[in-house]
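Structure at a glance
Here is how the chains run, residue by residue.
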Amino acid sequence: HKAVKSAEVDGEGSAVEEKKMVKSELAVAFPPTFSVSEIKNKQRRHFMFMKLKQEKRKQKMQLRKKRRKEREALGDKAPPKEVPKTIENQRVYDETTVDPEDEEIAFDEGTDEFSAYFNGLTNPKVLITTSDRPRGRTVRFCEQLATVIPNAHVYYRRGLALKRIIPQCVARNFTYLMVINEDRQVPNGMVLCHLPNGPTAHFKVSSVRLRKEMKRRGKNPTEHYPEVILNNFTTRLGHTIGRLFAALFPQEPHFVGRQVATFHNQRDFIFFRFHRYIFKNEKKVGIQELGPRFTLKLRSLQKGTFDSKYGEYEWVMKRHEMEACRRKFQL
Amino acid sequence: MQHDDVIWDIIGNTQFCSFKVKTKSQNFCRNEYNITGLCNRSSCPLANSQYATIREEKGQCFLYMKVIERAAFPARMWEKVKLSKNYEKALEQIDENLIYWPRFIRHKCKQRFTKITQYLIRMRKLVLKRQRKLVPLSRKVETRERRKEEKALIAAQLDNAIEKELLERLKQGTYGDIYNFPVHAFDRALEQQDQESESEEEEEEEEDDEDVGQREFVAEEEVEESDLSDFEVTLLSNDQQGATEKVESERSRNEEEDEEEMEVQTKASRSKGKSPANGSAARKKRAYVEIEYEQETEPASKSRAT
């Protein structure tokens, strides 16, 4: 304590001297309940904290070296490298995860609203529209979407109510209604409604990149039907959404076109990409991005066609319940 | 006593009126009892002791009247009459209440009443149509989501995932016979053969590379010579006339330099995997630069010659 006092008395003495004195202090034992945050002097506290960090780092390096030496010493008999923890590894097991062999789910999917499409009875026909008075970016986005999705038509929304549009669409044999909502001149939401009487999904759209903003992109997509890749849709809800996306595209892709549309789900964000691929040899494939890209986040899934007031919601994003745990995902 | 003219003199023209709003072309009156909304001698509720207005409250219209007899009692100054919801009946009511009043006030009252009913009708219609719902965004939540999205994008490794999926599909044969790659076992056998005779194949490949490089190099050079000579001719015809021989000798020396440089360039381009077309374009550009260089060093060469 005396030594510490003398250091304080020095007061404006050079910081280096203080530190040296404090260093010699460290040989002296600190009370066991001491923590760096108790020091009131900011400079000294900062210094002690840096020292603490350095110590920790040194110990970590030593541990690492030791482990590496052990591994080398053991040679082939060394235990396999530990896998680092990632969010995907640590994901809380979701009880609704779909088992590939689950009969109940297979039966469900055989008889749900998409069964008509998956049995080859209907061809997809998509109507793309926007909210009222769309601005340039949204309009261009819709046009590009229409080139990416085969058999898609863009119509201008003249302030019509969706509930009135839907019966007309059904009458004209549309299978999908896609409404891009716009806010501040930028698309920010999408309502995807499967038409005869199918579910309606509402997504939040973010990171929209139009074709001309993409680096190293290829030429415009052709009229060939693209293939579809759906990644990581594991839970029951994920399955439904996956089928929702799959039913946007025709069943028989044109492999000649070598175009592929990907919906990749990662941590409840669905990334959409559109590529052209070419197989260089059996082991290597080159892909070139064409087409717009955007990310979706599911906000709600409603049974039946669009009816925000009286519809029956199968799933609604409740932030406080669902986003409380960082390792728990819904899709 | 109520001197309207005096009041108007003060507030209307010279001194201050707190209800007056001045704009470039017009003066407006913000008084809620004003019938036209403009600041005029006949529209000012303060400067007219006999005045009437129509005001609307929660969809109900009222006729307000002010007479000079009640000017001393501010609490009771305005007389409020509820107007009927029926448009014609309300107009009759206005007429009946303002029966001996000046024409101006009667007319303006009716006008104002018409306007008010029209906008009430429009409000009722709009409520039936689609309402735009404004959802407030919380900034914290938005930044959090954006960050999560970025991290998810990095974790997704999209390109790898897509490539893997496509190769899987190729292996499973979903593409049928479109792609004529050798079958797996055949490939494996080939690989084994490769491993046995590794060194020989590498040498062959290297030789091929060298051969290919040299062949290209020679062809390019010949083309360039002719091109260069063309450039030469054009430039010299413009600048000098008698120094072609010296230039040609220089050219040969420079060509040797070029050769070395170009060799380096071809090797570099090979390593980078550029197509010969790119290389040749670069080479041609460099040749153009060489010409300029020659011109600069001409005097030096002359001195050497002499």
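Structural data are supplied above this passage.
Read on for a plain summary of the structure. Here the structure is a predicted model, which means the values were calculated and not measured.

**Some remarks on the overall build of chain A**
Summing up its helical and strand segments, chain A has 9 helices and 10 strands in all. Looking at chain A as a whole, 40% of its 331 residues qualify as buried. The long-range share in chain A, meaning contacts at least 24 apart out of those at least 6 apart in sequence, stands at 63%. Accessible surface for chain A amounts to roughly 20,600 Å². Of this, 51% is attributable to carbon and sulfur atoms.

**Some thoughts on the nonpolar core**
Residues Met178, Phe203 and Phe245 of chain A are the most contacted members of the largest nonpolar core, which totals 43 residues. Ignoring sequence-local partners within four residues, the contact set of Met178 of chain A consists of Val126, Leu127, Ile128, Thr129, Leu145, Ile149, Met190, Val191, Leu192 and Leu248 of chain A. Formed by 24 residues, the second largest nonpolar core is a distinct cluster that contains Leu83, Phe113, Ile116 and Leu120 of chain B.

**Re the packing of helix H4 (residues 103-111) of chain A against helix H8 (residues 236-246) of chain A**
All names here are of chain A. Across the interface, H4 lies against H8 with an axial gap of 12 Å and an inter-helix angle of 30 degrees. Looking at the two axes, H4 sits roughly parallel to H8. Pair H4 / H8 crosses with right-handed handedness. Counting all contacts with H4, which are made through Ile105, Asp108 and Glu109, the residues of H8 involved are Arg236, His239 and Arg243. Of the residues in the contact of H4 with H8, the class split is 1 nonpolar, 1 polar and 4 charged.

**Comments concerning unusual backbone geometry**
Peptide bonds are trans in most cases, and residues, glycine excluded, mostly fall at negative phi. Residue and element names in this part refer to chain A. In the Ramachandran plot, Ser207 falls in the positive-phi region, its phi being about 45 degrees despite a non-glycine side chain. The topology assignment puts Ser207 in strand S5 (residues 200-209). For Ser207, a relative accessible area of 33% puts it in the partly exposed group.

**Some thoughts on a positive patch on the surface**
On the surface, a cluster of positive charge is contributed by Lys60, Arg64, Lys65, Lys66, Arg67, Arg68, Lys69, Arg71 and Lys81 of chain A. Taking the relative accessible area as the measure of exposure, Arg64 of chain A reaches 51% and is therefore exposed.

**Some words on the packing of aromatic side chains**
Following the criterion strictly, the structure yields 16 aromatic pairs over all chains and no others. Look at Tyr51 of chain B and Trp78 of chain B: their rings are 6.4 Å apart centre to centre, the planes differ by 80 degrees, and that puts the pair in the edge-to-face class. With Tyr51 of chain B in strand S3 (residues 51-57) and Trp78 of chain B in strand S5 (residues 78-82), this pair connects stretches of sequence that are 27 residues apart. Residue Tyr51 of chain B is classed as buried on the basis of its relative accessible area of 1%. Among the aromatic residues, those joined into a ring-pair cluster are Phe141, Phe203, Phe233, Phe245, Phe249, Phe263, Phe272 and Phe294 of chain A. The aromatic ring of Phe174 of chain A is capped on one face by Lys125 of chain A, whose charged end is 4.6 Å from the ring centroid.

**A few points about the packing of helix H2 (residues 87-97) of chain B against helix H3 (residues 103-128) of chain B**
All names here are of chain B. Remark: H2 packs on H3, axes separated minimally by 10 Å, with the N-to-C direction vectors making an angle of 155 degrees. When the axes of H2 and H3 are compared, the pair comes out roughly antiparallel. Like other packed secondary-structure pairs, H2 and H3 cross with a definite hand, here right-handed. The residues of H3 that touch H2, namely those facing Tyr87, Ala90, Leu91, Ile94 and Asp95, are Arg106, Cys109, Lys110, Phe113, Thr114 and Thr117. Class assignment of the residues belonging to the contact of H2 with H3 gives a composition of 6 nonpolar, 2 polar and 3 charged.

**Focus on the side chain of Asp268 of chain A**
Inspection of the secondary structure puts Asp268 of chain A in the loop between strand S7 (259-266) and strand S8 (269-279). When near neighbours in sequence (up to four residues on either side) are disregarded, Asp268 of chain A contacts Leu296, Lys297, Phe329, Gln330 and Leu331 of chain A.

**Quick notes on the pairing of strand S3 (residues 176-183) of chain A**
Residue and element names in this part refer to chain A. Of all 8 residues in S3, 6 are buried; the element is thus mostly enclosed. Pairing geometry for strand S1 (residues 126-130) and S3, over 5 bridges, is parallel. From the neighbouring strand, Val126 faces S3, where its bridge partner is Tyr176. With 8 bridges joining them, S3 and strand S4 (residues 186-194) adopt antiparallel strand pairing. Bridge pairing links Val179 to Val191 in S4. Hairpin connection between S3 and S4: a loop of 2 residues separates the two successive antiparallel strands, and Arg184 in this loop has a positive phi of roughly 55 degrees.

Reading the values: the criteria
Residues numbered from 1 in each chain as written. Chains lettered and ligands numbered in written order. Predicted model: local features only at pLDDT ≥ 70, side-chain atom pairs only at ≥ 80, totals over all residues. Heavy atoms only, no water. Helix = DSSP H or I, 4+ residues; strand = E, 2+ residues; numbered from the N terminus. Buried < 20%, exposed > 50% of the residue type's maximum accessible area, 1.4 Å probe, protein only. Contact = heavy atoms within 4.5 Å. Areas by Shrake-Rupley, 256 points an atom, 1.4 Å probe, with all protein chains shown as cover. Core = buried A, V, L, I, M, F, W, Y, C linked by side-chain atoms within 4.5 Å. Axes fitted to C-alpha atoms, helices over the stretch in contact; angles between N-to-C directions. Parallel < 35°, antiparallel > 145°, perpendicular 65-115°, else oblique. Left-handed = near helix turned anticlockwise from the far one by under 90°. Nonpolar A, V, L, I, M, F, W, Y, C, P; charged D, E, K, R; others polar. Patch = residues over 30% accessible without salt bridge, like charges linked within 9 Å, V, L, I, M, F, W, Y side chains within 5 Å. Salt bridge = Lys/Arg side-chain N within 4 Å of Asp/Glu carboxyl O. Lys, Arg positive; Asp, Glu negative; His and termini not counted. Charge placed at Lys NZ, Arg CZ, Asp CG, Glu CD. Phe/Tyr/Trp six-rings, centres within 6.5 Å; stacked < 30°, edge-to-face > 60°. Lys NZ or Arg CZ within 6 Å of the ring centre and 35° of its normal. Pairing = 2+ DSSP bridges.

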